[in-house]
Amino acid sequence: MNTRHVRTSCLEIEFHEWNRTGQRPIVFLHGWPDSFRTWVMLAPFFVERDYRVLAPSLRGFSGTTFSHKDQPRSGQPSALARDLIEFVDALELTEPIVVGHDWGARAIAAAVGLQPKRFLAMVMISIGYGTNYPTLDLSINQAKLYWYHWFMCTPMGRKALKEQGVEFARHIWRSWSPEGWFEEDDFLRTAQAFENDDWVEVVLHYYRYRWELALGDMRYESDESLLRQYPQVFIPSLVLHGALDGVNPPASSEGKETFFRGPYKRVVLPKIGHFPQRESPSITAEEILKFLG
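Basis of the calculations
- Residues numbered from 1 in each chain as written.
- Predicted model: local features only at pLDDT ≥ 70, side-chain atom pairs only at ≥ 80, totals over all residues.
- Heavy atoms only, no water.
- Helix = DSSP H or I, 4+ residues; strand = E, 2+ residues; numbered from the N terminus.
- Rg over C-alpha atoms; globule rule 2.2 N^0.38 Å.
- Buried < 20%, exposed > 50% of the residue type's maximum accessible area, 1.4 Å probe, protein only.
- Core = buried A, V, L, I, M, F, W, Y, C linked by side-chain atoms within 4.5 Å.
- Contact = heavy atoms within 4.5 Å.
- Salt bridge = Lys/Arg side-chain N within 4 Å of Asp/Glu carboxyl O.
- Arc of directions from axis to C-beta.
- Pairing = 2+ DSSP bridges.
- Right-handed = clockwise from strand over helix to strand, strands pointing away.
- Axes fitted to C-alpha atoms, helices over the stretch in contact; angles between N-to-C directions.
- Parallel < 35°, antiparallel > 145°, perpendicular 65-115°, else oblique.
- Nonpolar A, V, L, I, M, F, W, Y, C, P; charged D, E, K, R; others polar.

Any details on the overall build of the protein chain? Residues and values, ideally.
Scanning the protein chain for helices and strands turns up 12 helices and nine strands. Relative to its length of 293 residues, the protein chain is compact, with a C-alpha radius of gyration of 17 Å against a globular reference of 19 Å. When its C-alpha atoms are laid out on the principal axes, the protein chain stretches across 50 × 45 × 40 Å. Across the 293 residues of the protein chain, 58% fall into the buried class.

Here you go:
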C-alpha cells in the first residue's frame, strides 16, 4: 500500500493505493465513522485479480485537507460526489468501478447520477439508493435508530463530537453490528482519521444539511437540484446489506429496482452488521467479484 496525494479544485486528497499498474481501476470510498482502513482487508482480493485499488480519504478525514481557509466545510452529498469525480479526473482513471460504504455509498451513487458515463459499475454497501433527503418517509423505528442525526443538530451534539468524538464513534461501532465484532486496536488506528481539523465541521454539516437545518455550499446547488430528482442509474449496480445492520435495517434497501435501468442485484448477507467489508472481507469480496464477473 502506498500513500499519495492529489490536488482537486478545492482539496488536497490523501489516498491509498495498491497495485498501481493493475489493469482495471477500482475506487473504494469509506463512510462515517470510519476511514480508508475499512478497505485494508478487502484490497488483497482485488489485487490478486490485477485491479488497481484506490482508497481516498473523504474531506475532513485523515490527511485530506481543504485548499482554502474560507471554503465552507460542507459534507453534503453533492460535494462528496464532486470530490470523487475530480479525484477520478485528476488521476485520469478510465471508467473506474466505484465501491462505497455508508457515506461513501451515497457519494458514489450521487457521482454516478451526475456523470453516469464516467463509471463502469458501482457497489453500494449498507445503504439503499434514494434514502438521503428529508422528503423520505421514516418509520418510528428508523427515526429511533437515527438518534445521532438529531443529536448532532443540537449544541450538545456539537460539544460531544468535538470533545468526545472518539468515544462517540466507538459507541456507534458497538451499536451498528453484532457484539464483539471489532478489535480495539483496529478501532483506535481508524480513529486517527478523526484528528483532522475539519472533521467535526464536515460531520456536523453532513447531518444538519440532510435535514435542512444548514445551508449548502452554493457551488453545488445545480448538482443538488439534479440529485433531488433521484436520477436513474444505467450502469451495473450491486447493493450489499448486512442482515443484522443496526442502523439501516435491510428493509431500507428493498424495492429500489425501479431506479436502475442497467443490471441490478441486491444481496443480504447473513449474520453481518453495518460493516460487511470489516466483519467478513472474504464474503464481501466474493460477492463483489462475482457480480463484476
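Still more to cover.
Let's hear about the nonpolar core: which residues, and what values?
Burial of nonpolar side chains together is a common tendency in soluble globular proteins. Grouped together as the largest cluster of nonpolar side chains are 70 residues, with contacts concentrated most on Trp-32, Trp-103, Met-122 and Tyr-148. Counting only elements with at least two residues in this core, the list comes to strand S2 (11–18), strand S3 (24–29), helix H2 (77–90), helix H3 (103–114), strand S7 (121–125), helix H7 (165–176), helix H8 (184–191) and helix H9 (199–210). If we skip the residues at most four places from it in the chain, Met-122 touches Val-98, Ile-108, Ala-109, Val-112, Val-233, Ile-235, Pro-236, Ser-237, Leu-238 and Phe-260. The next biggest cluster of nonpolar side chains, apart from the first, holds 24 residues, and it includes Phe-36, Tyr-51, Ile-125 and Ile-288.

How would you sum up the pattern of salt bridges? Please name residues and give values.
Here the structure, examined in full by the defined rule, presents 19 salt bridges. Here Arg-4 and Glu-17 are joined by a salt bridge, their closest N and O atoms 2.8 Å apart. Here Arg-4 is found in strand S1 (residues 2–7), whereas its partner Glu-17 is found in strand S2, with 13 residues between them in sequence. The closest approach of N and O atoms between Arg-189 and Asp-186, which form a salt bridge, is 3.9 Å. Taken together, the residues Arg-189 and Asp-186, both in helix H8 and three residues apart, mark about one turn of the helix. Among the residues examined, Arg-189 registers a relative accessible area of 40% and is labelled partly exposed. Ionic contacts of the salt-bridge type, sharing partners, join the residues Asp-34, Arg-37, Asp-186, Arg-189 and Arg-278 into one network.

So what about H8? Which residues, and what values?
Those residues of H8 not exposed but buried are Phe-187, Thr-190 and Ala-191. Taken down its axis, H8 places every buried residue within 100° of arc, on the same side. In this structure, the buried residues of H8 make contact with H7 and helix H11 (276–279).

Help me get a handle on the pairing of S7, residues and values and all.
Of all five residues in S7, five are buried, a share of seventy percent or more. Neither face of S7 is open: one carries Ala-121, Val-123 and Ile-125, the other Met-122 and Met-124, and all of them are buried. In this sheet, S7 lies alongside strand S6 (residues 97–101) in parallel orientation, the contact comprising five bridges. Looking at S7, one finds that Val-98 is bridged to Met-122. Once the chain exits S6 it traverses H3 before rejoining the sheet at S7, and the crossover so formed is right-handed. Relative to strand S8 (residues 237–242), S7 is paired through four bridges, and the arrangement is parallel. In the strand pairing of S8, Val-123 is matched with Leu-238.

Give a detailed account of helix H6 (residues 155–163), specifying residues and quantitative values.
When H6 is considered as a whole, its buried residues turn out to be Gly-157, Ala-160 and Leu-161. Taken end-on, H6 shows its buried residues confined to a sector of 95°, consistent with a single buried face. Those residues of H6 that are exposed and aimed more than 90 degrees away from the buried face are Pro-155, Met-156, Lys-162 and Glu-163.

Talk me through the packing of H2 against H3; I want residue IDs and the actual numbers.
The interhelical angle for the contact between H2 and H3, taken along N-to-C directions, is 70°, at an axis separation of 8 Å. As summarised for this structure, H2 and H3 are arranged roughly perpendicular, according to the angle between their axes. Along its contact with H2, which presents Pro-77, Leu-80, Ala-81, Arg-82, Leu-84 and Ile-85, the element H3 presents Trp-103, Ala-107, Ile-108, Ala-110, Ala-111 and Leu-114. The residue makeup of the contact of H2 with H3, split by class, is 11 nonpolar, no polar and one charged.

Interpretation note: all reported values are geometric properties and have no functional meaning in isolation.
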